[in-house]
Amino acid sequence: MNNYKEKFEKMRNAGNLAARTLDMIAENIKPGVSTDEIDKLGYEFIRDNGGFSAPLFYRGYKKSLCTSLNHVVCHGIPSDRALNDGDIVNIDVTAIVDNHHGDTSRMFCVGKTPVKAKNLINATYEAMMKAINILKPGIKLGDIGHEIQSYVEEKGFSVVKDFCGHGVSTKFHEAPNVLHYGKKDTGIELLPGATFTIEPMINSGKYEVKVLADGWTAVTKDKSLSAQFEHTLGITENGYEIFTESVKGYHKPPY
């Protein structure tokens, strides 16, 4: 099964650019900076390093990144809204390099963040990593969901069920869907060469969400905080590879 090596090399390059984009953005997160400014920084960095932003013009989307603040679960649209002290924000980047996609997101804390928000962010990151650490040929998609759901629910948080991870390579979104909840030993079996995202969205309150009138922005129905992390990964002969690992070691806040 060596026919995926070339694909992995291209996924590595795309993932590296996406990760470096978030590393750069981390150093520009502070009160007073608008999400539009962050979007511009991301667009220029990806362009100047030989890539394209996948979200830009995707299904009519007009920005290069997604910036999801506080109770926004995902697909928040950059605007002139300035970051405020105490905000938490997820920034989602997908870079295309040589027709392959690197899709990743991280949480950022603006100024002094409440303890409750930090606890949510930490639990979301740890849940993602627990799911990643079990990856190897032969595990099933339900095992991923079970790891995430059991960990966060034990901490009193809830898993968003309306959105999921996905296959990714030459297409932005492809099969399979990677649910962040589920039962062990259910779903399809993962084989070497599979490439996909794990991107749990975890709420401090209930799991229900709604999409706003703009058709993109998803928010918690109960206005509770939401957090998300995302990596693009590949299944190897005996384990996994993360394609979107931070180059600077910026894994979770504080960076």
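Details of the structure are given in the entry above.
Quick summary incoming for the structure in this document.

Analysis parameters
- Within each chain, residue numbers correspond to sequence positions counted from 1 in written order.
- Residue-level local features of this predicted model are given only where pLDDT is at least 70; pairs of side-chain atoms are given and counted only at 80 or more, and the full residue set underlies all totals for whole chains, interfaces and linings.
- The side-chain quantities take in all heavy atoms of the structure and omit both hydrogens and water.
- Under the scheme used here, helices are H or I runs from DSSP no shorter than 4 residues and strands are E runs no shorter than 2 residues, and both carry numbers assigned from the N terminus.
- In this setup the radius of gyration rests on C-alpha atoms only. A globule is expected at 2.2 Å times the number of residues raised to 0.38.
- For the exposure calls, accessible area comes from a 1.4 Å probe over protein chains only, and a residue counts as buried if that area is under 20% of its type's maximum, exposed if over 50%, partly exposed in between.
- We call two residues contacting when some pair of their heavy atoms lies within 4.5 Å.
- Here the open area of atoms and residues is found with the Shrake-Rupley method and a 1.4 Å probe, where only the protein chains shown may cover a residue.
- Asp and Glu count as negative and Lys and Arg as positive, but His and the ends of the chain are not part of the count.
- A single reference atom marks each charge: NZ on Lys, CZ on Arg, CG on Asp, CD on Glu.
- Each pair of aromatic rings taken from Phe, Tyr and Trp, with Trp reduced to its six-membered ring, is defined by centres within 6.5 Å and is described as stacked if the planes are under 30 degrees apart, edge-to-face if over 60, and tilted in the remaining cases.
- Should the NZ of a Lys or the CZ of an Arg lie within 6 Å of a ring centre and within 35 degrees of the ring normal, that charge is described as sitting over the ring.
- We call two strands paired when DSSP finds no fewer than two bridges between them.
- Think of each axis as a best-fit line through the C-alpha atoms, taken over the contacting stretch in the case of a helix, with angles from 0 to 180 degrees between the N-to-C directions.

1. Side note on the overall build of the chain
Within the chain, the secondary structure is distributed over 4 helices and 15 strands. Taking 255 residues into account, the globule formula puts the C-alpha radius of gyration at 18 Å, and the chain, at 17 Å, falls close to it. By principal-axis analysis of the C-alpha atoms, the chain measures approximately 50 × 45 × 35 Å. Looking at the chain as a whole, 53% of its 255 residues are labelled buried. A fraction of 72% describes how many contacts in the chain between residues 6 or more apart in sequence connect residues 24 or more apart. Carbon and sulfur atoms form 50% of the exposed surface of the chain, whose accessible area is close to 11,200 Å². On the chain, the mean spot of the 30 positive side-chain charges and the mean spot of the 32 negative ones are 3 Å from each other.

2. So, the packing of aromatic side chains
Applying the stated criterion across every chain, the model contains 7 aromatic pairs. Measuring from centroid to centroid gives 5.0 Å for Tyr61 and Trp216, while their planes differ by 70°, and the two rings are edge-to-face. Note that Tyr61 is positioned in the loop between strand S1 (52–53) and strand S2 (66–69) and Trp216 in the loop between strand S11 (209–211) and strand S12 (218–220), a separation of 155 residues in sequence. Positioned above the aromatic ring of Tyr181, the side-chain terminus of Lys161 is 5.2 Å from the ring centre.

3. Describing the environment of Thr113
Here Thr113 is to be found in the loop between strand S5 (100–109) and helix H3 (115–133). When the C-alpha atoms of Thr113 and Asp85 are compared, they prove to be 7.4 Å apart, with 28 residues separating the residues in sequence. When neighbours within four sequence positions are excluded, Thr113 is seen to be in contact with Gly86, Asp87, Ile88 and Lys118.

4. Looking at the sheet that holds strand S6 (residues 158–159)
With antiparallel pairing, the 3 strands of this open sheet are ordered in space as S6-S10-S13. Both outer strands of the open sheet, S6 and strand S13 (226–228), are each paired with one neighbouring strand and no more. Bridge analysis of strand S10 (residues 201–203) against S13 gives 3 bridges, and the strand direction is antiparallel. Note on S13: the bridge partner recorded for Ile202 is Ala227. The strands that H3 touches are S10 and S13; relative to S13, the one it contacts most, it runs at about 35°.

5. Observations regarding unusual backbone geometry
Excluding glycine, most residues fall at negative phi; most peptide bonds, likewise, are trans. The peptide bond linking Ala175 to Pro176 adopts the cis configuration, its omega dihedral lying at 5°. With respect to the element layout, Pro176 can be found in strand S8 (residues 174–178). In this chain, Pro253 is followed by Pro254 through a cis amide linkage whose omega measures 0°. Within the secondary structure layout, Pro254 lies in the segment after strand S15 (240–242). In the Ramachandran plot, Arg59 falls in the positive-phi region, its phi being about 50° despite a non-glycine side chain. On the basis of relative accessibility, which here comes to 70%, the residue Arg59 falls in the exposed class.

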